[in-house]
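Chains, contacts and geometry: an overview
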Amino acid sequence: MASAAITLAADAPTLSSANTGFMLICSALVMLMTPGLAFFYGGMVRVKSTLNMLMMSFISLGIVTILWVLYGFSLAFGTDSGSLIGWNSDWVGLSNIGLTELWDGYTIPVFVFLVFQLMFAIITPALISGALADRVKFSAWALFVALWATVVYFPVAHWVWGAGGWAFELGVIDFAGGTAVHINAGAAALGVILVIGKRVGFKKDPMRPHSLPLVMLGAGLLWFGWFGFNAGSWLGNDDGVGALMFVNTQVATAAAMLAWLIYEKIRHGAFTTLGAASGAVAGLVAITPAGGAVSPLGAIAVGVIAGVLCAMAVGLKYRFGYDDSLDVVGVHLVGGVVGSLLIGFFASGKGQSEVQGLFYGGGLDQFWKQCAGVFAVLAYSLIVSAILALILDKTIGMRVSEDEEVAGIDQAEHAETAYDFSGAGGGAARTTAAPAPVADTASKKVDA
């Protein structure tokens, strides 16, 4: 018995300063993605909505952080109850967690795990905001974020990643958030816009991005931060799986960007800057659930398929009449579904697990598991998000007035404008006469 106890003690994980440092860096990278998303969305809207779009992302950093400390972490990752939700009273307020207490089965402290997961919880509701551009009261949006995180994100995170969660126990593969983050946010966006309706002038007025350089800056920050988002989700760097995910993140993103641009050139006759940025994000979304399970060649396939299908999907809003302002449904919902389901075909069995997809001899067993996770999260988020939006709309009102929307939501909701041109000249009248022009004697001499 003594020798067995010694063996077990030797096998028990010990705190790894390397993995701890790596995960803290990854957490910071994921945090950077929310400001990156703010820039990405902020450049895509019209000038009069720029600040509101930035703030709709930034406010999530405040609200979700506090909720996570108070009860969110406990609900998402506490002791399972009925495979639907977690709870651990010792984690309420994070007051009973030891500094060197390890996350179960890993070599990083609980504090490191919880702050990494916090950054996921922050960016997920921020993703929804892009679908609601130009027309939502900021106070209503802030309340929606708090409610949605509580009744949608925290439970879904438990389903997918929490020990005992039904999707986790079923064997649904979601390396870094295809279901819990992207399908969850995309379905929520669709549910809310079906309730609050279209922007004034939808399909009539031009609603082009006001700053494509800002969009590209945001896309670059997202791409950069996504390496922490994806590679960090293995919670360590000991066996090479995180490195595989890092490589696949780059590969799939590149493939999706190229596929989107080629589709765009064939379909519309031009390679657009917005298409490059959107294609890159589509690839990042699609590889998020799949990157630990597929090979780099599989990542190329995932990226190409997602790039084309997402490029096609963004036009559906005009066909079906739902006003998804910045294509959250077309990119995040569709990209998340595509990446999650393709695991059932391209899982190689040589990455995060030995699970093999159809193209590697594994049959369709994993595909059906992926379908269960995808469509359960989609349906739950869509329905509950629509109900939350309906309640808020009937009580405090979700939308600004039509006059405020037309005049500009930045001024109405924030009493500011994104760009101040008052000092750019042409504002004040001259107080002194301008000097008389000097005669061009040289030219006169030449003319003579």
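This report concerns the structure included in the present document.

What counts, and at which threshold
Residues numbered from 1 in each chain as written. Predicted model: local features only at pLDDT ≥ 70, side-chain atom pairs only at ≥ 80, totals over all residues. Heavy atoms only, no water. Helix = DSSP H or I, 4+ residues; strand = E, 2+ residues; numbered from the N terminus. Rg over C-alpha atoms; globule rule 2.2 N^0.38 Å. Buried < 20%, exposed > 50% of the residue type's maximum accessible area, 1.4 Å probe, protein only. Contact = heavy atoms within 4.5 Å. Core = buried A, V, L, I, M, F, W, Y, C linked by side-chain atoms within 4.5 Å. Patch = residues over 30% accessible without salt bridge, like charges linked within 9 Å, V, L, I, M, F, W, Y side chains within 5 Å. Areas by Shrake-Rupley, 256 points an atom, 1.4 Å probe, with all protein chains shown as cover. Salt bridge = Lys/Arg side-chain N within 4 Å of Asp/Glu carboxyl O. Axes fitted to C-alpha atoms, helices over the stretch in contact; angles between N-to-C directions. Parallel < 35°, antiparallel > 145°, perpendicular 65-115°, else oblique. Nonpolar A, V, L, I, M, F, W, Y, C, P; charged D, E, K, R; others polar. Disulfide = S-S within 2.5 Å. 1 Å grid on protein atoms, 1.4 Å probe; cavity = no way out; pocket = protein on both sides within 12 Å on 5 of 7 lines; lining within 4 Å. Points joined across faces, edges and corners; volume = space filled by probe spheres on them. Expected span 1.5 Å × (residues − 1). Left-handed = near helix turned anticlockwise from the far one by under 90°. Phe/Tyr/Trp six-rings, centres within 6.5 Å; stacked < 30°, edge-to-face > 60°.

Moving on to the overall build of the protein. Across its full length, the protein carries 17 helices and two strands. Against the compact-globule benchmark of 22 Å for 448 residues, the protein has a radius of gyration of 25 Å, which places it among compact chains. The principal-axis extents of the C-alpha atoms in the protein amount to approximately 110 × 50 × 45 Å. Within the span of the protein, comprising 448 residues, buried residues form 54% of the whole. Intrachain contacts of the protein at a sequence separation of at least 6 include 76% that bridge at least 24 residues.

What follows covers the side chain of Thr34. Within the secondary structure, Thr34 sits in helix H2 (residues 17-44). Beyond its immediate sequence surroundings of up to four residues, Thr34 is in contact with Ser57, Leu61, Ile122 and Ile123.

Glancing now at the environment of Leu212. Within the fold, Leu212 resides in helix H8 (residues 212-231). C-alpha separation for the pair Leu212 and Phe40, spaced 172 residues apart in sequence, amounts to 8.8 Å. Beyond its immediate sequence surroundings of up to four residues, Leu212 is in contact with Thr273 and Leu274.

Next up on the list: the nonpolar core. Phe73 and Leu132 are the most contacted members of the largest nonpolar core, which totals 130 residues. The element best represented in this core is helix H5 (residues 138-161), accounting for 17 residues. What Leu132 contacts, discounting residues up to four positions off in sequence, is Met56, Trp141, Val192, Ile193, Ile196 and Ser325.

Together, Leu358, Phe359, Tyr360, Leu364 and Trp368 make up an exposed nonpolar region whose accessible area comes to about 510 Å². Position of Trp368 relative to the elements: it lies in helix H14 (residues 365-395).

The next subject is the environment of Leu67. Note that Leu67 resides in helix H3 (residues 50-77). Look at Leu67 and you get buried, because its relative accessible area is 12%. Along the primary structure Leu67 and Gly307 are separated by 240 residues, whereas in three dimensions their C-alpha atoms are 35 Å apart. Those residues within four positions of Leu67 in sequence are excluded, and the remaining contacts are Gly72, Ala146, Ala149, Thr150 and Phe154.

Let us look at the packing of H2 against helix H4 (residues 110-128). Direction vectors running N to C along H2 and H4 enclose 10°, while the axes themselves pass 9 Å from each other. With respect to H4, the element H2 is oriented roughly parallel. Taking contact as the criterion, the partners of Thr20, Met23, Leu24, Cys26, Ser27, Val30, Met31, Met33, Thr34, Leu37 and Tyr41 in H2 are, on H4, Val112, Val115, Phe116, Met119, Phe120, Ile122, Ile123, Ala126 and Leu127. The residue makeup of the contact of H2 with H4, split by class, is 17 nonpolar, three polar and no charged.

Moving on: the state of the cysteines. Summed over the entire model, instances satisfying the criterion amount to zero disulfides. Take Cys371: it sits in no disulfide, and the sulfur closest to it among the cysteines is that of Cys310, at 17 Å. For Cys371, a relative accessible area of 12% translates into the label buried.

Next up on the list: empty space enclosed by the protein. Across all of its chains, the model carries two cavities of 30 Å³ or more by this definition. Phe40, Tyr41, Met44, Ser278, Val281, Leu326, Asp327, Val328, Val331 and His332 together form the lining of the largest cavity. Going through the elements one at a time, H2, helix H10 (273-290) and helix H13 (328-346) are the ones with two or more residues in the lining of the largest cavity. Within the lining of the largest cavity, the residues separate by chemical class into seven nonpolar, two polar and one charged. Residue assignment for the lining of the second largest cavity shows that the elements contributing at least two residues are H2, H4 and H8. Ranked by residue count, the leading element in the lining of the second largest cavity is H8, at three residues.

Next up on the list: H13. The end-to-end C-alpha separation of H13 is 25 Å, in line with the 27 Å expected for 19 residues at 1.5 Å each. With 18 of 19 residues buried, H13 lies mostly within the body of the structure.

Below, the discussion takes up the packing of H3 against H4. For any two helices packed against each other, one specifies the crossing angle of their axes together with the interaxial distance. Two elements in contact, H3 and H4, have axes whose closest approach is 8 Å; the angle formed by their N-to-C orientations is 130°. It follows that H3 is oblique to H4 by the angle criterion. Seen from above, H3 lies across H4 with right-handed handedness. Residues Ser57, Ser60, Leu61, Val64, Thr65, Trp68, Phe73 and Phe77 of H3 pack against Val110, Phe113, Leu114, Gln117, Leu118, Ala121, Ile122, Pro125 and Ala126 of H4. Along the lines of polarity and charge, the residues of the contact of H3 with H4 split into 13 nonpolar, four polar and no charged.

A word on the packing of aromatic side chains. Overall, the coordinates contain 28 aromatic pairs when judged by the stated rule. Chaining the aromatic ring pairs together yields one cluster made of Trp68, Tyr71, Phe73, Phe77, Trp91, Trp103, Phe113, Tyr153 and Phe154.

Take unusual backbone geometry next. Backbone geometry at Asp327 places phi at a positive 65°, although glycine is not the residue there. With relative accessibility at 17%, the residue Asp327 sits in the buried group. In this structure, Ala415 is a non-glycine residue whose phi angle is positive, near 55°. Overall, Ala415 belongs to the exposed group, its relative accessible area being 59%.

Looking now at the pattern of salt bridges. Enumeration according to the criterion identifies six salt bridges in this entry. For Arg199, the salt bridge goes to Asp323, with nearest N and O atoms at 2.8 Å. Of this pair, Arg199 sits in the loop between helix H7 (178-196) and H8 while Asp323 sits in the loop between helix H12 (316-320) and H13; the two residues are 124 residues apart in sequence, bridging distant segments of the chain. A relative accessible area of 8% means that Arg199 is categorised as buried. Taking relative accessible area as the criterion, Asp323 reaches 2% and is therefore assigned buried. Measuring nitrogen to oxygen at the nearest pair gives 2.7 Å for the salt bridge that ties Arg399 to Glu405. With a relative accessible area of 22%, Arg399 lands in the partly exposed category. Its relative accessible area of 4% is what places Glu405 among the buried residues. Among the ionic contacts, a cluster of salt bridges with common partners joins Arg46, Asp134, Arg199 and Asp323.

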